[in-house]
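The lines below spell out each chain.
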Amino acid sequence: MSSAAPRTPVQDHSGPDRLWSVDEHLEDVLTTVRPLEPIELQLLDAQGCVLVEDITVPVSLPPFDNSSMDGYAVRVADVAGASEEFPAALEVVGDVAAGQAEPVHVGPGQAARIMTGAPLPPGAETVVPVEWTDGGLGEGPVHGMRARSLGPQGASGHVQVYRPAEARAHVRAQGSDVKAGDRALRAGTVLGPPQIGLLAAIGRGTVRVRPRPRVVVLSTGSELVQPDEKLRTGQIYDSNSFALTAAARDAGAIAYRVGAVADDAETLRSTIEDQLVRADLMVTTGGVSVGAYDVVKEALSHVGDEDEAGSGIEFRKLAMQPGKPQGFGSIGPDHTPLLALPGNPVSSYVSFELFVRPAIRTLMGLRDVHRPTTRATLAADKALTSPKGRRQFLRATCADGRATPVGGAGSHLVAALAHADALIVVPEDTESVEPGAEVDVVLLGR
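Note that the structure is predicted; figures quoted are calculated from it, not measured.

**Q** Just checking my understanding: could you explain the overall build of the protein for this structure?
**A** Assigned secondary structure in the protein consists of eight helices and 29 strands. By residue count, 48% of the 446 residues in the protein fall in the buried class. Of the contacts made within the protein by residues no fewer than 6 positions apart, 71% connect residues no fewer than 24 positions apart. About 20,700 Å² of surface is accessible on the protein, with carbon and sulfur atoms providing 50% of the total.

**Q** Explain the nonpolar core here, please?
**A** Nonpolar side chains tend to gather and get buried jointly when the protein is soluble and globular. Residues Leu281 and Ile360 are the most contacted members of the largest nonpolar core, which totals 40 residues. Going through the elements one at a time, helix H1 (22-32), strand E14 (214-220), helix H4 (240-250), strand E18 (281-285), strand E22 (336-341), helix H7 (345-364) and strand E27 (422-426) are the ones with two or more residues in this core. A per-element tally of this core places H7 first, with eleven residues. When we break this core down by domain, the ones giving at least three residues each are domain 1 (19-36 + 211-363) and domain 4 (373-443). If we skip the residues at most four places from it in the chain, Ile360 touches Pro213, Val215, Ala248, Ala251, Ala253, Leu281 and Phe352. In terms of nonpolar packing, the next biggest core, distinct from the first, is built from 20 residues, Leu268, Ile272, Ala279 and Ala340 among them.

**Q** How should unusual backbone geometry be read in this particular structure?
**A** A negative phi holds for most residues other than glycine; trans holds for most peptide bonds. Of note, the amide linkage connecting Leu61 to Pro62 takes the cis form, showing an omega dihedral of -10 degrees. Structurally, Pro62 can be placed in the loop between strand E4 (55-56) and strand E5 (66-67). Omega for the bond connecting Gln321 with Pro322 falls within 30 degrees of zero, at -5 degrees, which places this linkage in the cis form. Along the chain, the position of Pro322 falls in the loop between strand E20 (320-321) and strand E21 (325-331). For Arg168, which is not glycine, the phi dihedral falls at a positive 65 degrees. If you trace the backbone, Arg168 turns up in the loop between strand E10 (158-161) and strand E11 (171-172). Although it is not a glycine, His335 adopts a positive phi angle of roughly 55 degrees. As for its position among the elements, His335 is in the loop between E21 and E22. His335 gets classed as buried once you look at its relative accessible area, which sits at 10%.

**Q** Sorry if this is basic, but what is going on with the packing of H1 against H7 here?
**A** The description of two packed helices rests on the angle between their axes and on the distance between the axes. Contact pair H1 / H7: the axes reach a minimum separation of 10 Å and the direction vectors enclose 25 degrees. One finds that H1 runs roughly parallel with respect to H7. Crossing geometry of H1 relative to H7 is assigned as right-handed. In this structure, H1 contributes Val22, His25, Leu26, Val29 and Leu30 to the contact, and H7 contributes Leu354, Phe355, Pro358, Ala359 and Thr362.

**Q** Would you mind going over the confidence of the model for the protein with me for this structure?
**A** For residues with low pLDDT, the predicted coordinates do not support detailed interpretation. The predicted model of the protein has a mean per-residue pLDDT of 88, with 88% of residues at 70 or higher. By mean pLDDT, helix H6 (residues 295-300) is the weakest element of the protein at 78, and strand E2 (residues 39-42) is the strongest at 98. Counted against residues more than four places away or in other chains, residues 9-13, with its pLDDT under 50, gives 14 contacts. Note that residues 305-310 has pLDDT below 50 and, in this model, twelve contacts with residues that lie over four places away or in other chains.

**Q** Looking at this model, I keep getting lost on the pattern of salt bridges. Mind explaining?
**A** Any two side chains of opposite charge can pair, so long as their charged atoms come close to each other. Under the counting rule described, the total for this entry stands at 17 salt bridges. A salt bridge links Arg316 to Asp28; the shortest N-O distance between them is 2.3 Å. One end of the pair, Arg316, is in strand E19 (residues 313-318); the other, Asp28, is in helix H1, with 288 residues separating them in the sequence. No difference in accessibility class separates Arg316 from Asp28, as the two residues are buried. Where Glu266 meets Arg269, a salt bridge forms, and the shortest distance between an N and an O atom there is 2.3 Å.

**Q** Even after reading the chapter, I still don't get the packing of aromatic side chains, so can you show me in this structure?
**A** For any two aromatic rings, the description comes down to two numbers: the centre-to-centre distance and the angle of the planes. This model, assessed by the stated rule, comprises zero aromatic pairs. Looking at Arg18, its charged tip hangs above the ring of Trp20, at a distance of 3.9 Å from the centre. The ring of Trp20 has Arg316 sitting right over it, with the charged end atom 3.7 Å from the ring centre.

**Q** Quick question: what am I supposed to make of H7 here?
**A** For an α-helix, the turn length of 3.6 residues means that residues three or four places apart are oriented alike. When the local axis directions of H7 are compared, the greatest deviation, roughly 45 degrees, occurs at Phe352. Across the 20 residues that make up H7, a large majority, 20, are buried. Positive phi appears at Gly365, one or two residues downstream of H7, with a value of about 90 degrees.

**Q** Help me understand the pairing of strand E29 (residues 438-443) in this model?
**A** Looking down a regular strand, the side chains alternate between one sheet face and the other. Note that strand E23 (residues 373-378) and E29 share five bridges and pair antiparallel. Residue pairing for E29: Thr377 is matched across the bridge by Glu438. Bridge count between E27 and E29: four bridges; the pairing is antiparallel. Bridge pairing in E29 places Val425 opposite Asp440.

Reading the values: the criteria
Residues numbered from 1 in each chain as written. Predicted model: local features only at pLDDT ≥ 70, side-chain atom pairs only at ≥ 80, totals over all residues. Heavy atoms only, no water. Helix = DSSP H or I, 4+ residues; strand = E, 2+ residues; numbered from the N terminus. Buried < 20%, exposed > 50% of the residue type's maximum accessible area, 1.4 Å probe, protein only. Contact = heavy atoms within 4.5 Å. Areas by Shrake-Rupley, 256 points an atom, 1.4 Å probe, with all protein chains shown as cover. Core = buried A, V, L, I, M, F, W, Y, C linked by side-chain atoms within 4.5 Å. Domains from an automatic or database assignment. Axes fitted to C-alpha atoms, helices over the stretch in contact; angles between N-to-C directions. Parallel < 35°, antiparallel > 145°, perpendicular 65-115°, else oblique. Left-handed = near helix turned anticlockwise from the far one by under 90°. pLDDT = per-residue confidence, 0-100. Salt bridge = Lys/Arg side-chain N within 4 Å of Asp/Glu carboxyl O. Phe/Tyr/Trp six-rings, centres within 6.5 Å; stacked < 30°, edge-to-face > 60°. Lys NZ or Arg CZ within 6 Å of the ring centre and 35° of its normal. Bend = angle between axes of the 7 residues up to and from the residue. Pairing = 2+ DSSP bridges.

Here's what the structure looks like:
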């Protein structure tokens, strides 16, 4: 299943020193990545997927007039003027239960005991709640319906009704939810529990959707150790692959985390090739800068698609902070898109939010692929500084129209990232933002 078109950069490449803008890089990613082909799935397998067709209601909901109360189905005239002093005495001719095949007919002076959800029987015009009756016991108003097997409150004898009821009181009309021929769901709808419930209610067992994309997340670095293992000198725990796998799942993908790969180009190439069989999108983190051990750049700079000339992975410098070094392209026989992100945790996560999340949402076939943005007042003790010519993304909390920076600008500060729910965006042409100024904010987790 191909998830990327043969790639031609949006802008002409002008050499390795070219500085790409954030918008140029994002446009290149979203121009290349295309929605996955639709498939037919069982309802529960379609949870989280995007509908590719309008769904029309084949049968009205509810499909018949039914009772919204436990009580008695009666004719309006037979209970007109009923009161506790002068109750209406009616003959009980039977029970009407949900799913009952044989209907009971209600004639003049008669009542049928009816359960919630059961069809209104022929001849009946309204439903009297059981609390308005003596339940057939002759001892005044009751508080509920007894089980049929516990008599004498059963499906025979007489019942006294103490209040009148208007026509069709406590009756849920056929088609009062949706009518046959109505549109139940629009194409483009993300199927959550309520939507799946509606599909089941109108009799749909399968539905045509774009599948959730399969995203493989792979971190690189010989210094990385798995959590719960003992750290040796110079080692750190691998947090990026966990954060990005969780972020991919949060974006709607089926995400697979691959353990950290050591700084060896052949091992990395082999690992990526092995993972392509289950990937609609590959994400790597680390090894994309200019160091001697930047293995992703070494392993993938000259790897092209097997049958597509001019494609492969291109490594770039972006006019942003954090996240200047980036890689993007496609790999393998199916032109699987690959985004290579920097290794510093904050750089990696910010890059994911800006580029990978929109790519995942594009693969899903969603119309709106970006996080929501807003304007907020900068709440800070001093002015924020930003490098000229770079678009800066600063971790922050945003509430009540105020954006408050969290932690410093360092791209290694994982703890500060864990407390942020927004990114303050400082434009490329702005070098300082004073407290109280209006700023653009990207809202995370919303």
